[in-house]
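# Structural overview for review
Each chain is listed here by its residues.
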Amino acid sequence: MAELAPIQPCLWFEDQARAAMDYYVDVFPNSRIVEVVEYPDESLDEHFRGMAGKVVNGRFVLNGVEFTCLDGGPLFTFNESISFIVSCADQAEIDYYWSRLSHVPDAEQCGWCKDQFGVSWQILPANMNELTRRPEQVQVMMQQKKVVIAELEQA
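We now turn to the structure provided with this report. (Residues numbered from 1 in each chain as written. Predicted model: local features only at pLDDT ≥ 70, side-chain atom pairs only at ≥ 80, totals over all residues. Heavy atoms only, no water.)

Below, the discussion takes up the overall build of the protein. A count of helical and extended segments in the protein gives 5 helices and 7 strands. Sequence-ordered secondary structure for the protein, helices as α and strands as β, is β-α-β-β-β-β-α-β-β-α-α-α. Expressed along its principal axes, the backbone C-alpha trace of the protein runs to roughly 65 × 30 × 25 Å. When each of the 155 residues of the protein is scored for burial, the buried share is 37%. For the protein, the exposed surface amounts to about 9,100 Å²; the carbon and sulfur share of it is 52%. Between the averaged position of the 11 positive side-chain charges in the protein and that of its 24 negative side-chain charges there is a distance of 3 Å. (Helix = DSSP H or I, 4+ residues; strand = E, 2+ residues; numbered from the N terminus. Buried < 20%, exposed > 50% of the residue type's maximum accessible area, 1.4 Å probe, protein only. Areas by Shrake-Rupley, 256 points an atom, 1.4 Å probe, with all protein chains shown as cover. Lys, Arg positive; Asp, Glu negative; His and termini not counted. Charge placed at Lys NZ, Arg CZ, Asp CG, Glu CD.)

Laid out in structure tokens, this is it:
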């Protein structure tokens, strides 16, 4: 078993950890599933009841960043207070990630989107600070759902 990264995010899914890992590994380059550990026999503890075949510890790497995940049931859900920033080199990269990760139109704003599992992402150009220096640029950005670099440059 490989050593854990000093700090890594852990994502709590109701029951879709395996599907999420598969999906994310398909979306991001340089990605892989490291390990999937299923819940132990449910007779060992009441907390394991109904969790047979579910993920108690999934480890995966997305473009070099290590994540952990689990199926923990419906007690906790994702919200926008935590998001992952995807720093993009150009508009083509923004368009790619947006098309793959944005699944909730009502959650789209200023480069933020929410995927099919409820996880929030910020799909942003690497030079976002430069593109939002002037008040006119900030006003344009505030009206955007997906960031369009050319619109910010022209503002």
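In this section: the environment of Leu 75. Residue position: Leu 75 is located in the loop between strand E4 (65–71) and strand E5 (83–88). Overall, Leu 75 belongs to the exposed group, its relative accessible area being 65%. Expressed as a C-alpha distance, the spacing of Leu 75 and Met 128, which sit 53 residues apart in the sequence, is 36 Å.

Our focus in this paragraph is the packing of aromatic side chains. Across all of its chains, the model carries 15 aromatic pairs by this definition. When the ring of Tyr 24 is compared with that of Phe 117, the centres are 5.8 Å apart and the planes differ by 70°; the resulting orientation is edge-to-face. In this pair, Tyr 24 is assigned in helix H1 (residues 17–27) and Phe 117 in the loop between strand E6 (112–114) and strand E7 (120–125), connecting sequence segments 93 residues apart. A relative accessible area of 1% means that Tyr 24 is categorised as buried. Among the aromatic residues, those joined into a cluster by ring pairs are Phe 13, Tyr 23, Tyr 24, Phe 28, Phe 60, Phe 67, Phe 78, Phe 84, Tyr 96, Tyr 97, Phe 117 and Trp 121. (Phe/Tyr/Trp six-rings, centres within 6.5 Å; stacked < 30°, edge-to-face > 60°.)

Right, let's get into unusual backbone geometry. Positive phi values are uncommon outside glycine, yet Asn 30 reaches one of about 55°. Residue position: Asn 30 is located in the loop between H1 and strand E2 (32–38). In the Ramachandran plot, Asn 63 falls in the positive-phi region, its phi being about 50° despite a non-glycine side chain. Along the chain, the position of Asn 63 falls in the loop between strand E3 (55–62) and E4.

Judged by nonpolar contacts, the single largest core of 34 residues is most densely connected at Phe 13, Tyr 24, Leu 101, Trp 121 and Ile 123. For this core, the leading source of residues is H1, giving 6 residues. The contacts of Trp 121, once residues within four sequence positions are left out, are Tyr 24, Phe 28, Leu 62, Ser 83, Phe 84, Val 86, Leu 101, Gly 111, Trp 112, Cys 113 and Asp 115. (Core = buried A, V, L, I, M, F, W, Y, C linked by side-chain atoms within 4.5 Å. Contact = heavy atoms within 4.5 Å.)

The subject of this paragraph is the pattern of salt bridges. Scanning all chains against the criterion turns up 6 salt bridges. Glu 136 serves as the salt-bridge partner of Arg 134, at 3.6 Å between the closest nitrogen and oxygen. Relative accessible area serves as the criterion here: at 41%, Glu 136 is assigned to the partly exposed category. (Salt bridge = Lys/Arg side-chain N within 4 Å of Asp/Glu carboxyl O.)

So, on to the sheet that holds E3. Strand order in this open sheet of 4 strands is E1-E4-E3-E2, and the pairing throughout is mixed. This sheet does not close on itself; its edge strands, each paired only once, are strand E1 (10–13) and E2. Between one strand axis and the next, the sheet turns by 20° as a mean value, whatever way the strands run. With 5 bridges joining them, E3 and E4 adopt antiparallel strand pairing. Bridged to Gly 58 within E4 is Cys 69. The strands that H1 touches are E1, E2, E3 and E4; relative to E3, the one it contacts most, it runs at about 5°. (Pairing = 2+ DSSP bridges. Axes fitted to C-alpha atoms, helices over the stretch in contact; angles between N-to-C directions.)

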